[in-house]
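The residues making up each chain are set out below.
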Amino acid sequence: MSETDGSRALHTEQDRLSLPEVRLDDLLDEVRSRMSMISATQERIRTLLEAVVSIGEGLDLDPLLVRIAETATSLVDARYGALGVIGPDGDMSRFIPVGLSEHEISCIDHWPRGEGILGLLIKEPESLRLKDVAEHPESRGFPEGHPPMHTFLGVPIRIRDQVFGNLYMTDKRDGSEFTGDDELLLRALATAAGTAIENAQLFAESRSRETWLNASGHITTTLLSGAPPEEVLRLVAQRAQSMARADLAVIAMPGETPETLTVRVWEGPAGPANPADPARTTGPTDRGSASPDASLDELSTGARGETLSCAARTLLGRVYLGGQPLQTDVSLGEGGDGGTEFLTRLGMGPVLVLPFGPPDGARGVLVLARENSRPDFRSSWSSMLSSFANQAAVALELAEARLDSERLSVLEDRDRIARDLHDTVIQRLYATAITLMGTVRRIEDSTSASRVRNAVDDMDDTIRQIRSTIFALQSSSEEGDGSWLRSKVLDLVNGASEALGFSPRLLTQGPLDNAVDERTGEHLLAVLRELLSNVSRHAGATAVDVEVAVADGSVTLRVRDDGCGIPEGAARSGLCNASARAEELSGSLSVVSEPGRGASVEWSVPARC
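Residues numbered from 1 in each chain as written. Predicted model: local features only at pLDDT ≥ 70, side-chain atom pairs only at ≥ 80, totals over all residues. Heavy atoms only, no water.

(A) Structural view of the overall build of the chain. When its secondary structure is counted, the chain shows 16 helices and 16 strands. When contacts within the chain are restricted to residue pairs at least 6 apart in sequence, those whose partners lie at least 24 apart make up 64%. Accessible area of the chain: about 32,800 Å², with a carbon and sulfur share of 50%. (Helix = DSSP H or I, 4+ residues; strand = E, 2+ residues; numbered from the N terminus. Contact = heavy atoms within 4.5 Å. Areas by Shrake-Rupley, 256 points an atom, 1.4 Å probe, with all protein chains shown as cover.)

Right under this line is the structure:
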C-alpha cells in the first residue's frame, strides 16, 4: 500500500468515527431542550395547581374575586390584569383591576364600561388572544389617562352554562406575545375559578338564609312578647340592612294622602366607606358624594316622619302600587319620575325597594340603599328579602290584631266596670243617702243630726267622684291614658304635693276628656298650674280642694285653700294671667278671699272654642 493510499484510508476512518459524535451532540442538545421544556411545563403546572389551591381558599366572594384576578395575572406573567363581572342586565357591573397604582387609577377619565374588546367577550364568551389590541376591528381605544396596552388575552369564567364574567390580561412582562399555553393555563384557571365562585355564592346564600331565618324567628318572638309595633319595625329595618349589607334602610307606610308615604323607621346612613374593603375598591374613585353643605348625620336628622311621594310613576309608587320589588341605581337617574331626591342627596347609588307585605296588599315599602361607590345588590337577594319583608309584615299585622283584641277586651272590661258602678254602687249609695236624709229629721240631738248630714254630703261627693270615674272608664284615646285631660290634671295636682307639703284633694265631674277641646284644655292646665303655685308660695295653707267640672257646655275650675287669704294691695300677676286666659276664651274669673280663712278662685270658660 502506498503512502497516499494509507493517508486516505486514515481520513476515511476518522470521518467515520466523528459522525456519531456529531449526531450525539445534536441528540444531547435536543434532550437538554426537551428537558428544559418539560421542566418549564412542570413549573407552570405546579404554578397552576398552586393558583387553583389559592383561589379555593376562603368562601367570601369579594376577596375571592380580587384573589382570582391577582392569581391569573401572576400565572400568565401579565403586567396588567382585570376581572369583569357581568350583571343581570348583561352589562359589566364590576371591574376589578390588577397592576395599576392608585395614581394611575386616579388619572383614568372613566372606568371600562364593557365596550370594544371587553364588550366583544361579553357578547361572544370565547377565548380571545391578540397581538395588538388596537388592530382589532372591535377596538374602541382607551379612556383618557389610561396606560397604553398592546398584547391581549381574554378568557370567560363560566358557572355551569352561565357566564359570570371575564378575565382580561394585557402585556406580558418579558414583552412577548401570549401563547397557546398561556391561553390553556388561563382557561384551566377560569374553570377552577367558576367552581370557587359558585361555592362562594352558595355559601353566601346559605349564610344569608340562616341569617334570614334567625331574623324572622327573632321578630316573631319579639312580637309575641308584646313589643310595640315601632320597635318591631325598627328591628325589621336593622335586620334587613344587615342581611343586604346596605348603608341605609327605610320603612315607609301610607301617609295622610293616597299619594304619600310617611317614614316610620330610618336606619342610617352609615359613615364613609372603608377604603380597605375590597367590595368598595372596584372603581377608580368614588364618583358621587353627599351634598358638600350637609353632612350625612345632618341629612338623616328628622328623617323619621318625613313625607315621601308614591305617585304611580315614582320609584316608590311603582313598588307600592305594583307589589313587586325593584332594583335600580339612583345615581344614574334611573328608577322613575322623582321621589328619590332624599337618596341622591345622601350620595346613594344602588337601591333595592321591596313591598312591605304581600304583592296584592302592600302595607308600605322597605328601601335598602348603598353608597354609589359600592356594587349593586345581588339579584338572588331580592326574592329572599322580599319573603323576609312579607313575613315581617304579616307578623306585624297579626301583632296589631292581637293588640286590637287586647284593647277591645280592656275596653269591654272598663265598660262592664262602669256599668256595675252606675247600676249597683251609685244606686246603693243614693238609696242610703235618701234613707239617712229621711232619718235626720227624727234625730233630736243637733250634733248627731249634723254628723249625719255631713255623712250624706260625703256620700254625694263620693257619688260625683264615681260618676267622674265612670266617664273616664267610658272614654277612649288611641294615644294612651297619658293624653287624657283628666290624667294630665291628676298628674299636675299630684306633682304639686311636694311644693305644698301635702296632697291636694281632687274632684272631677262630667265627661272631661270628651267634652273639652285641646286648646281649652291647655289653658285650663296652665291656669291650674298657676293657681297651685300661688297657693304653695303665698297662702301657707294646710288643705287645698281642686274641682274640675263639665256641665252645660262649660268647664269650670275651682281651687279653694284654707290659708291666709289674699291681702289687700298684693300683686296679682298670676290671677291677671288667669283672667286674660278666661277672656281669650270668652269666659270669666272670680276670686273670693277671706283673710285668715283662705281663698277660692273659680275659672269658667266654654268647653269648646
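(B) Summary view of the sheet that holds strand 13 (residues 544–551). Strands sit in the order 12-13-14-16-15 across an open sheet of 5 strands; the sheet is mixed. Both outer strands of the open sheet, strand 12 (505–509) and strand 15 (588–594), are each paired with one neighbouring strand and no more. For this sheet the average axis-to-axis angle between neighbouring strands, irrespective of direction, equals 10°. Relative to strand 14 (residues 554–561), strand 13 runs antiparallel, the two sharing 8 bridges. Across the sheet, the residue bridging to Val544 is Asp561, located in strand 14. Packed onto the sheet, helix 15 (residues 518–539) meets strand 13, strand 14 and strand 16 (598–606) and runs at close to 10° relative to strand 14. (Pairing = 2+ DSSP bridges. Axes fitted to C-alpha atoms, helices over the stretch in contact; angles between N-to-C directions.)

(C) Layout of the pattern of salt bridges. Counted under the stated rule, the structure contains 10 salt bridges. Among the salt bridges present, the one from Glu584 reaches Arg519, with a minimum N-O distance of 2.9 Å. Placement of Glu584 in helix 16 (residues 573–584) and of Arg519 in helix 15 is noted, with a sequence separation of 65 residues between them. Overall, Glu584 belongs to the partly exposed group, its relative accessible area being 47%. For Arg519, a relative accessible area of 39% translates into the label partly exposed. (Salt bridge = Lys/Arg side-chain N within 4 Å of Asp/Glu carboxyl O. Buried < 20%, exposed > 50% of the residue type's maximum accessible area, 1.4 Å probe, protein only.)

(D) Geometry of the pairing of strand 11 (residues 365–371). In terms of burial, strand 11 is a largely internal element, 7 of the 7 residues being buried. Note: strand 6 (residues 248–254) against strand 11, 5 bridges, orientation antiparallel. Following the sheet pairing, Val250 is matched in strand 11 by Val367. Alignment of strand 10 (residues 348–355) against strand 11, held across 6 bridges, turns out to be antiparallel. The residue of strand 11 that forms the bridge with Val353 is Val367.

(E) Local environment of the packing of helix 15 against helix 16. Contact pair helix 15 / helix 16: the axes reach a minimum separation of 10 Å and the direction vectors enclose 165°. One finds that helix 15 runs roughly antiparallel with respect to helix 16. Read as a crossing pair, helix 15 and helix 16 show a hand that is left-handed. The residues of helix 16 that touch helix 15, namely those facing Arg519, His523, Ala526, Val527, Glu530, Leu531 and Asn534, are Gly574, Leu575, Ala578, Arg581 and Glu584. (Parallel < 35°, antiparallel > 145°, perpendicular 65-115°, else oblique. Left-handed = near helix turned anticlockwise from the far one by under 90°.)

(F) Molecular detail of the packing of aromatic side chains. Enumeration over the complete set of coordinates arrives at 3 aromatic pairs. The interplanar angle of 55° and the centroid separation of 6.1 Å between the aromatic rings of Trp266 and Phe342 together place this pair among those described as tilted. Separated by 76 residues along the polypeptide, Trp266 in strand 7 (residues 260–267) and Phe342 in helix 9 (residues 341–345) bring together distant segments of the chain. Relative accessible area serves as the criterion here: at 4%, Phe342 is assigned to the buried category. Members of the aromatic cluster, joined through ring pairs, are Phe95, Phe152 and Tyr168. (Phe/Tyr/Trp six-rings, centres within 6.5 Å; stacked < 30°, edge-to-face > 60°.)

(G) Expanded view of the sheet that holds strand 8 (residues 307–309). Strands sit in the order 8-7-6-11-10-9 across an open sheet of 6 strands; the sheet is antiparallel. On the outer flanks of this sheet lie strand 8 and strand 9 (326–329), each paired with one strand and no other. Between one strand and the next, the sheet's axes are offset by a mean angle of 30°, whatever the strand orientation. When strand 7 meets strand 8, the two strands line up antiparallel, connected through 3 bridges. Within strand 8, the position partnered with Leu261 by the bridge is Leu308. Along the sheet face, helix 6 (residues 229–244) touches strand 6, strand 7 and strand 11 and points at about 70° away from the line of strand 7. Each of strand 6, strand 7, strand 8, strand 9, strand 10 and strand 11 touches helix 8 (residues 315–322); the most contacted strand, strand 10, lies at about 20° to it.

(H) A look at unusual backbone geometry. Non-glycine residue Asp171 carries a positive phi angle of around 60°. The residue Asp171 is located in strand 5 (residues 162–172) in this model. In this model, Ser586 sits at a positive phi of 60°, which is unusual for a non-glycine residue. Residue placement: Ser586 occurs in the loop between helix 16 and strand 15.

(I) Quick peek at the environment of Ile159. With respect to the helices and strands, Ile159 occurs in strand 4 (residues 152–159). Residues Ile159 and Ile197, 38 residues apart in the sequence, show an inter-C-alpha distance of 7.8 Å. Every residue in contact with Ile159, bar those within four places of it in the chain, is listed here: Phe164, Gly194, Ile197, Glu198 and Gln201.

(J) A look at the packing of helix 12 (residues 485–495) against helix 15. At their nearest, the axes of helix 12 and helix 15 sit 10 Å apart, and the two run at 15° to each other. The orientation of helix 12 with respect to helix 15, classified from their angle, is roughly parallel. For the element pair helix 12 and helix 15, the recorded crossing hand is right-handed. Across the interface between the two elements, Leu485, Lys488, Val489, Leu492 and Val493 of helix 12 pack against Gly521, Leu524, Leu525, Leu528, Arg529 and Leu532 of helix 15.

(K) Expanded view of the nonpolar core. Membership of the largest hydrophobic core comes to 34 residues, with the highest contact counts inside it found for Val489, Leu528, Val544, Val546, Val555, Leu557 and Trp603. If you list the elements that add at least two residues to this core, you get helix 12, helix 15, strand 13, strand 14, helix 16 and strand 16. With 8 residues, the single largest contributor to this core is helix 15. Residues Ala237, Ala240, Ile251 and Phe388 belong to the second largest nonpolar core, which totals 30 residues. (Core = buried A, V, L, I, M, F, W, Y, C linked by side-chain atoms within 4.5 Å.)

(L) Geometry of helix 2 (residues 61–75). Under the 1.5 Å per step criterion, the end-to-end length of helix 2 is 21 Å for 15 residues, consistent within 8% with the ideal 21 Å. Remark: Asp77 follows helix 2 within two positions and exhibits a positive phi of approximately 55°. (Expected span 1.5 Å × (residues − 1).)

(M) Quick look at the confidence of the model for the chain. Residues with a pLDDT of 70 or more make up 78% of the chain, whose mean pLDDT is 76. The secondary-structure element of the chain with the lowest mean pLDDT is helix 7 (residues 296–300), recorded at 37, while strand 14 shows the highest, at 91. In this model, residues 270–302 is a region of pLDDT below 50 whose contacts with residues beyond four sequence positions or in other chains number 51 contacts. (pLDDT = per-residue confidence, 0-100.)

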